[in-house]
2 protein chains.
Amino acid sequence: MRTSKYLLYTNKNNNINNELISYKLMLKSGMIRKINSGIYVWLPIGLKILKNIKKIIYKEINKINFFEINIPIIQSANLWKKSKRFQKYGLELIKFYNRKKKLFILSPTNEEIINKIINNEIISYKQLPIKFYQIKTKFRDEIRPNYGVIRSIEFIMKDAYSFHNSNKCLKKTYNIIYKTYIKIFKKLNLFFYIIKANSGTIGGNISHEFYSLFKNFKNKKFFINNFNNIKNIKVIKLIINNNKYNIEKLRIIKFINFININKIFNIFNKNIVKIKFIKSNNNKIIALLFNKNKILNAFKIYKLKNIYKPLNYICKKKINNIFKKSLYSIKKFFLNIIIIADYNIIKIKNFIIKFKKNKKILIGLNWNINLISPYIANLNNFTKNIINFKIKNNLLISKNIEIGHIFQIGTKYSKIINSNNFKKKINMGSYGIGITRLVAAIIEQNYDKKGIIWPDNIAPFKISILPINFNNFKLVKKKSIYIYNKFKKKNIDILLDDRNKHIGKLFNDIDLIGIPHLIIINNINCKNGFIEYKNRKNKNKKIIKIEYIINFLLNKINFFKKE
Amino acid sequence: MRTSKYLLYTNKNNNINNELISYKLMLKSGMIRKINSGIYVWLPIGLKILKNIKKIIYKEINKINFFEINIPIIQSANLWKKSKRFQKYGLELIKFYNRKKKLFILSPTNEEIINKIINNEIISYKQLPIKFYQIKTKFRDEIRPNYGVIRSIEFIMKDAYSFHNSNKCLKKTYNIIYKTYIKIFKKLNLFFYIIKANSGTIGGNISHEFYSLFKNFKNKKFFINNFNNIKNIKVIKLIINNNKYNIEKLRIIKFINFININKIFNIFNKNIVKIKFIKSNNNKIIALLFNKNKILNAFKIYKLKNIYKPLNYICKKKINNIFKKSLYSIKKFFLNIIIIADYNIIKIKNFIIKFKKNKKILIGLNWNINLISPYIANLNNFTKNIINFKIKNNLLISKNIEIGHIFQIGTKYSKIINSNNFKKKINMGSYGIGITRLVAAIIEQNYDKKGIIWPDNIAPFKISILPINFNNFKLVKKKSIYIYNKFKKKNIDILLDDRNKHIGKLFNDIDLIGIPHLIIINNINCKNGFIEYKNRKNKNKKIIKIEYIINFLLNKINFFKKE
């Protein structure tokens, strides 16, 4: 494509404050524009990226024999009332009355309707398993639409559903989807982690959430969790942080002299963690864990969601009683309470908790082993925003992006909606990927000062030709068009920047948009039969003979094509 | 794909009466299912067809440098009030209040918002022309959703918009789109015609509508027009009906003896057309034209939309005056009034109109030459449904499908919505294709008693292998899988029907679904190294050596791939 025909809507003058880097870059590079709160138009370059991501997802989901269908957006409110989700979704659900005064909703997800379809289509159990998916626009009337496409009202999701005649069969498909999701997110070049929800109130249901990390987390190897829903106890499984280490056995030691603990157990001071207990507003115990050297900031705790107010540290009978009991009951206790950990202690292994009142210390505590993985928050008095913390409305804003969610639903919906005369109920799985927000997630991990750095397989154009004085030097023009046509013939998405503008402006735009491979053509090099190649990511430059550039880049591009 | 994995939702027991053949076949072949009135889910095989159609459209629209974007479905009602379309659309527009009590609509089309986007993005006139398109779900709360996906509440449309700094530039793009639409509809194997709207109340605006014909019309060479909007005077241009015939010169003959007219002018009696005049409710003259031998049914006329009531035939001064004047003024008169013609007279060429009061007859009248092409309706007392007519609520139901509509809008929206400081206003074009209804349109022209007959480029699978006793004869199984894998390697969409069912059932399903190329594998042929090939459309059978079938079909398939 030639830039003269393909308008770039780059924009240097955007004055968005306090917004995410990905949102800023999406606006600046002309990928999207805001139309209303939480509602965006995707401009050509943004849509190309979106489609490249879709292509990767289509390919992987088709491979595992899920079949694409198209589910209507408009759905009867009655169906949603049946499943009680009409009430549960509340104001998030967009509703309207049609001309005949019937109430409808705009689908945020499709469990009800897909069960209705399955109910009508399945004649016998032999036809199971059935696996459907779609990629389509969905709607959620967010109370606070924010962060660009990450929390928007209209968004694109891949939703998939599977139906089985046994729980075993469901689990098998669930595991395949689980692996496929990992494959997809890896292909999208993402650093991510997976959270497993504990068996909750609906017995036996299993669910995993996939979260993409922000750039800073890649190096610092820890993360902050979203603190929106304290009701769900979550087990965090860090995919990227699976360093092996010696796990000590959990022990209780009677307290002698806490100051000398280092000497006795030969462990670092930083491994000592303090604990305090508070209550949630539904009267559950919450344990606050923090570094021995830090001081808890009561104001920050007070501002956490779902905390019982007035704030009151409990250190009373109930807890004392537990710690008088066996190691088994302490273990059980720690695997059942809600834990909020200060972000400083997330990396600590084999840590030690002291209970002054009980004159005991607990040694060898480890996340996911004898402690449920915690909600992570900034709880201490140290205020520096180490990892770009943002406190908005005095709430901790999550610095991760939920990109996928898979769920072994079981028979819940089939019990309600399926009315046909099967003896057994159908087991269902539900699997989502947030596609529009994936774009933001990828940007959050791939940018520098100049703009976005797209991975090759997602880039809107793989290559950009930047001719210096395209309209003045005949040779530059000739060679630019020559190279451009060569790549076009190979079906490579290439952009020839033939705008009559200063090379600085061209570079700024192309770097901002994030095209991974640049070919710079100037008159002097050209005369000698050379061009300059520049890699957007590692900034490496190379002078290459014109006749070699095609193969040089085709090799690179074929490489990622094969993946 | 193997049928054992890819469920076919064919269904012989559907009891839909009085519905279109395309709708019946879409249900029977398992392409769609109805969820609510006017709302459908697209099952895997239906969606494959839809995607094949999309692919053809994408390719052609991309070729002419329209760039794809993604416009939000949810749009502010204020924007639509600004353009007055909020009122004009009325109940057809789906509206809802969000949680903050703001009113929004679900987009049926996007002229307002695209102008808003253009207004924000264009910095100078130099950036024009700009050409955008998208393929996306749209919404219209139809008063009478009907005919399956032809008149549904949720549907997929390609909408495209172009913006120009001059009317000349707009016309140029308009002509390119016009040609591209013809190309697309031809690629989709459709018989269609184009209607040109006359310059209407908004001076200078031009619009063309593309209509697909029903199968019967293909042979009978005439059609009925939709009679929804009498305000627009339309010129019908029949693309498929361009048989040459001798056009007589238009003449006025003073009336002598009407009974003897045949003898005098040597024309058939049926060429004589009677005329009556009534008024529309916006006080325009409407001419009713009908066969000399038929009697007008006043009740049917009364029930036509937009007719002034009480019904009153006018035959007064105004018209008399015209017919006293020159041939020129009569010509002009006939090219400017609204004509409603009884369907019986559509095929008549060089017809004759008699005006008893004026003692004149007019000879050599021809549609599109000296008569504006008419609205066509059933006006006479003869009730037999010659061409599968359906009279519903006493209105003639159109037997064509509007598949495309293109429009030179001019500056209408840019005047209202564009607030920036351009000296000149921007000229706009708007171009739509109804994609979901295209599926029905194609079926209406491609079916037989057994089911659908898909054109090669739209078929959900190009080839189906039908093995006889797949599970009993090892050789049949082996050869079926061998051939199947050969085509898979060539990336050909092929279905191996490995269901353990009677061959009759397999044939019924595959014929119903409309797969164009069948390979029948039985044990006896197999032993001799042969298979049987059958063409779904022309029913031709051929015994072919196994080693030749691959190339035999690849040649056929490559042929349509190249197109």
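Residues numbered from 1 in each chain as written. Chains lettered and ligands numbered in written order. Predicted model: local features only at pLDDT ≥ 70, side-chain atom pairs only at ≥ 80, totals over all residues. Heavy atoms only, no water.

**Student:** Sorry, what's going on with the environment of I557 of chain A here?
**Tutor:** Residues and elements named next belong to chain A. Within the element layout of this structure, I557 appears in helix α17 (residues 546-562). Each C-alpha atom of the pair I557 and G429 lies 37 Å from the other, and the pair is 128 residues apart in sequence. With near-sequence residues (within four places) excluded, I557 lies in contact with K462, I463 and I492. (Helix = DSSP H or I, 4+ residues; strand = E, 2+ residues; numbered from the N terminus. Contact = heavy atoms within 4.5 Å.)

**Student:** What should I look at first to understand the packing of aromatic side chains in this one?
**Tutor:** We describe a pair of aromatic rings using the distance from one ring centre to the other and the angle between the two ring planes. Tallied over the entire structure, the rule returns 26 aromatic pairs over all chains. Ring centres 5.8 Å apart and planes at 20° place the aromatic pair F96 of chain A and F104 of chain A in the stacked group. F96 of chain A sits in the buried class, given a relative accessible area of 4%. An aromatic cluster of at least three residues, connected via ring pairs, comprises Y178, Y181, F185 and F210 of chain A. Over the ring of Y58 of chain A we find K51 of chain B; its NZ or CZ atom is 4.0 Å from the centre of that ring. Across the ring face of F86 of chain B, the terminal group of K81 of chain B is positioned such that the distance to the ring centre comes to 5.0 Å. (Phe/Tyr/Trp six-rings, centres within 6.5 Å; stacked < 30°, edge-to-face > 60°. Buried < 20%, exposed > 50% of the residue type's maximum accessible area, 1.4 Å probe, protein only. Lys NZ or Arg CZ within 6 Å of the ring centre and 35° of its normal.)

**Student:** Looking at this structure, I do not really get the relation of the copies chain B and chain A. What am I missing?
**Tutor:** Both copies of the chain are related through a single rotation about an axis accompanied by a shift along the same axis. Of the transformation superimposing chain B on chain A, the axial component is 0.2 Å and the angular component is 180°, with the fit at an RMSD of 0.8 Å. Here the copies are linked by what is in effect a two-fold axis. Distance from the rotation axis, computed per C-alpha, reaches its smallest value in chain B at F96 of chain B: 2.4 Å. A high fraction, 100%, of the interface residues of chain B reappear at the interface in chain A, so the copies pair face to face through one surface. (Least-squares fit on C-alpha atoms with pLDDT ≥ 70 in both.)

**Student:** What is the right way to read the sheet that holds strand β5 (residues 94-97) of chain A from this model?
**Tutor:** Where strands meet in a sheet, backbone hydrogen bonds hold them as pairs that are either parallel or antiparallel. Residues and elements named next belong to chain A. In space, the three strands of this open sheet follow the order β4-β6-β5, with antiparallel pairing throughout. Across the chains shown, the open sheet's two edge strands, defined by having one partner strand only, are β4 (74-76) and β5. The sheet shows a mean angle of 40° between the axes of neighbouring strands, taken without regard to direction. Bridge count for β5 against strand β6 (residues 103-106) is four bridges, and the pairing is antiparallel. Of the residues in β6, the one forming a bridge with K95 is I105. (Pairing = 2+ DSSP bridges. Axes fitted to C-alpha atoms, helices over the stretch in contact; angles between N-to-C directions.)

**Student:** Can you help me understand unusual backbone geometry in this one?
**Tutor:** Only a minority of non-glycine residues have a phi that is not negative, and only a minority of peptide bonds are not trans. A cis amide bond, omega -5°, links L128 of chain A with the succeeding residue P129 of chain A. Inspection of the secondary structure puts P129 of chain A in the loop between α5 (111-121) and β7 (130-139). The backbone phi angle of N283 of chain B is positive, close to 70°, even though this residue is not glycine. Inspection of the secondary structure puts N283 of chain B in the loop between β13 (272-279) and β14 (285-291).

**Student:** What exactly am I supposed to notice about the interface of chain B and chain A here?
**Tutor:** Interface size is commonly expressed as the accessible area that is lost once the parts come together. Opposite the 54 residues of chain B that make contact, chain A presents 54 residues. Counting each side, the surface lost to burial between chain B and chain A is near 4,900 Å², with a carbon and sulfur contribution of 62%. At the boundary of chain B and chain A, one finds four salt bridges. The salt bridge involving K51 of chain B is made with E68 of chain A; its shortest N-O contact spans 2.6 Å. Where chain B meets chain A, there are 14 residue pairs in polar contact (both at pLDDT 80 or more). At five residues, strand β7 (residues 130-139) of chain B tops the list of elements feeding residues into the side of chain B that touches chain A. Per-class residue counts for the side of chain B that touches chain A are 33 nonpolar, seven polar and 14 charged. (Buried area = accessible area lost by both parts, 1.4 Å probe. Salt bridge = Lys/Arg side-chain N within 4 Å of Asp/Glu carboxyl O. Polar contact = N/O pair within 3.5 Å; in protein donor to acceptor, adjacent residues only side chain to side chain. Nonpolar A, V, L, I, M, F, W, Y, C, P; charged D, E, K, R; others polar.)

**Student:** Can you help me understand helix α6 (residues 167-187) of chain A in this one?
**Tutor:** For an α-helix the count is 3.6 residues per turn, leaving residues at separations of three or four pointing the same way. Residue and element names in this part refer to chain A. Look at α6: 30 Å from first C-alpha to last across 21 residues, which is about the 30 Å you get at 1.5 Å a residue. When we look at burial in α6, the residues that qualify are L170, T173, Y174, I177, Y178, T180, Y181, I182, I184, F185 and K187. Positive phi appears at N189, one or two residues downstream of α6, with a value of about 70°. (Expected span 1.5 Å × (residues − 1).)

**Student:** Mind showing me how you'd approach the pairing of strand β1 (residues 32-36) of chain A here?
**Tutor:** Moving residue by residue along a regular strand, the side chains alternate between the two faces of the sheet. By the criterion of burial, β1 of chain A is predominantly enclosed, with four of the five residues buried. Between β1 of chain A and strand β2 (residues 39-42) of chain A, which follow one another and run antiparallel, lie two residues, and G38 of chain A among them has a positive phi close to 75°.

**Student:** Looking at this structure, I do not really get a positive patch on the surface. What am I missing?
**Tutor:** On the surface, a cluster of positive charge is contributed by K100 and K102 of chain A together with R144 and K305 of chain B. When you line up the elements, K100 of chain A lands in the loop between β5 and β6. (Patch = residues over 30% accessible without salt bridge, like charges linked within 9 Å, V, L, I, M, F, W, Y side chains within 5 Å. Areas by Shrake-Rupley, 256 points an atom, 1.4 Å probe, with all protein chains shown as cover. Lys, Arg positive; Asp, Glu negative; His and termini not counted. Charge placed at Lys NZ, Arg CZ, Asp CG, Glu CD.)

**Student:** Would you explain the pattern of salt bridges in this entry?
**Tutor:** Between side chains of opposite charge, a pair can form when the charged atoms approach closely. Within the structure shown, the criterion is met by 35 salt bridges over all chains. Here K136 of chain B and E154 of chain A are joined by a salt bridge, their closest N and O atoms 3.0 Å apart. Residue K136 of chain B is found in strand β7, and its partner E154 of chain A is found in strand β8 (residues 154-164); the two belong to separate chains. On the basis of relative accessible area, E154 of chain A is assigned to the buried category, the value being 11%. Of the charged contacts, one joins K138 of chain B and D159 of chain B as a salt bridge, the two residues approaching to 3.0 Å between their closest N and O atoms. Residue K138 of chain B is found in strand β7, and its partner D159 of chain B is found in strand β8 (residues 154-164); the two are separated by 21 residues along the sequence. For K138 of chain B, a relative accessible area of 0% puts it in the buried group. Residue classification places D159 of chain B among the buried positions, given a relative accessible area of 2%. Each of D448, K450, D511, R536 and K539 of chain A takes part in one network of salt bridges that share partners.

**Student:** It is not clear to me how the sheet that holds strand β26 (residues 494-496) of chain B should be interpreted in this structure. Could you clarify?
**Tutor:** All names here are of chain B. Read from one edge to the other, the open sheet built from five strands follows the order β26-β25-β27-β28-β29, with strand pairing classed as mixed. Both outer strands of the open sheet, β26 and β29 (541-545), are each paired with one neighbouring strand and no more. Looking at each pair of strands side by side, their axes are set apart by 25° on average, direction ignored. Lying on the sheet, helix α15 (residues 503-513) is in contact with β25 (463-467), β26, β27 (517-521) and β28 (530-535); it crosses β25 at an angle near 170°.

**Student:** How should I be thinking about the side chain of N70 of chain A in this particular structure?
**Tutor:** Looking at the element boundaries, N70 of chain A is found in the loop between β3 (67-68) and β4. Residues in contact with N70 of chain A, not counting those within four places in the same chain, are Q134 and K136 of chain A together with Y40, V41, W42, L47 and I156 of chain B.

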